Amino acid sequence: MAKDEKAAEETPAKGGGKKKLIMIVAIALVALIGGGVGGYMMFAPKKATAEPAPTPGVVSVLDAITINLADGHYLKLKMTLQATTEAAEAPDGSKALDIAISLYSGRKMDELMSNAERDRTKKELVDKVVKAYTEDKKKEVMDIYFTTFVIQ
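Because the structure is predicted, anything quoted here is derived from the model rather than measured.

A. Seen up close, helix α2 (residues 94-104). Listed in full, the buried residues belonging to α2 are Ala96, Leu97, Ile99, Ala100, Leu103 and Tyr104. What you see down the axis of α2 is that its buried residues fit within an arc of 160°, all on one side. Residues of α2 that are buried in the fold lie against β2 (65-68), β3 (74-84), α3 (109-113), α4 (115-132) and β6 (141-151). A positive backbone phi angle near 80° is found at glycine 106, which sits one or two residues after α2.

Here's what the structure looks like:
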């Protein structure tokens, strides 16, 4: 019986050793993961704070223009510029019209008939026009609206 008692006493001790090892490994993993997350949060590059959206100001209506497309087709384009309140006066549309002519000249009619391509080129136009009307981080124009977009 002495052997059975010794075996019974040793069994819980062996199981307890495995439990201790599992606990130690679990605590070490939690510490490592916590340290990694904490280090990342502390040393990660900070995201730039988004600059506030410009406040809409006056709208400048530009004259319609006709742009030569490829294969003898034409685009009649009329747009307005949405100025910001930072603009001292209504912006002159000559820069915007010049950029539009450069962007759309020589394009294929089929290209511009697609809504996706028209939206993509409009976004490109807006980006270029906003950049052209920005001086010393002072945005004068914030958006463009097409009032006529006719392809012939």
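Having seen it, we continue.
B. Quick peek at the nonpolar core. If you look at the biggest cluster of nonpolar residues, it comprises 23 residues, and the most contacted ones within it are Leu75, Leu77, Met79, Leu81, Tyr104, Leu125 and Val129. Every element with two or more residues in this core is listed here: β2, β3, α2, α4 and β6. Counting residues per element, this core draws most heavily on α2, at 6 residues. Setting aside chain neighbours within four positions, we find valine 129 in contact with Leu81, Ala96, Ile99, Val141 and Ile144.

C. Representation of the pairing of β3 in the model. The element β3 is extensively covered by neighbouring structure, given that 8 of its 11 residues are classed as buried. Of the pairings in the sheet, the one linking strand β1 (residues 56-61) to β3 comprises 4 bridges and is antiparallel in character. Each residue of the ladder has a partner; that of serine 60, found in β3, is leucine 81. Looking at chain direction, β2 and β3 are connected through 4 bridges and run antiparallel. Looking at β3, one finds that threonine 66 is bridged to lysine 76. Joining the antiparallel neighbours β2 and β3 is a turn of 5 residues, in which aspartate 71 adopts a positive phi near 60°.

D. Geometry of the pattern of salt bridges. Throughout the structure, instances matching the rule amount to 6 salt bridges. Ionic pairing is found between arginine 120 and glutamate 117, a salt bridge with its closest N-O pair at 2.8 Å. Of this pair, arginine 120 and glutamate 117 are both found in helix α4, 3 residues apart, which corresponds to roughly one turn of the helix. With a relative accessible area of 18%, glutamate 117 lands in the buried category.

E. Here's a closer look at the environment of lysine 78. Within the fold, lysine 78 resides in strand β3. Residue classification places lysine 78 among the partly exposed residues on the basis of a relative accessible area of 29%. When the C-alpha atoms of lysine 78 and valine 150 are compared, they prove to be 9.1 Å apart, with 72 residues separating the residues in sequence. Excluding anything up to four places from it in sequence, lysine 78 contacts Val61, Leu62, Asp63, Ala64, Tyr145, Phe146, Thr147 and Thr148.

Reading guide: rules and limits
- Residues numbered from 1 in each chain as written.
- Predicted model: local features only at pLDDT ≥ 70, side-chain atom pairs only at ≥ 80, totals over all residues.
- Heavy atoms only, no water.
- Buried < 20%, exposed > 50% of the residue type's maximum accessible area, 1.4 Å probe, protein only.
- Helix = DSSP H or I, 4+ residues; strand = E, 2+ residues; numbered from the N terminus.
- Arc of directions from axis to C-beta.
- Contact = heavy atoms within 4.5 Å.
- Core = buried A, V, L, I, M, F, W, Y, C linked by side-chain atoms within 4.5 Å.
- Pairing = 2+ DSSP bridges.
- Salt bridge = Lys/Arg side-chain N within 4 Å of Asp/Glu carboxyl O.

Don't take any of this as a statement about function, it's just geometry.
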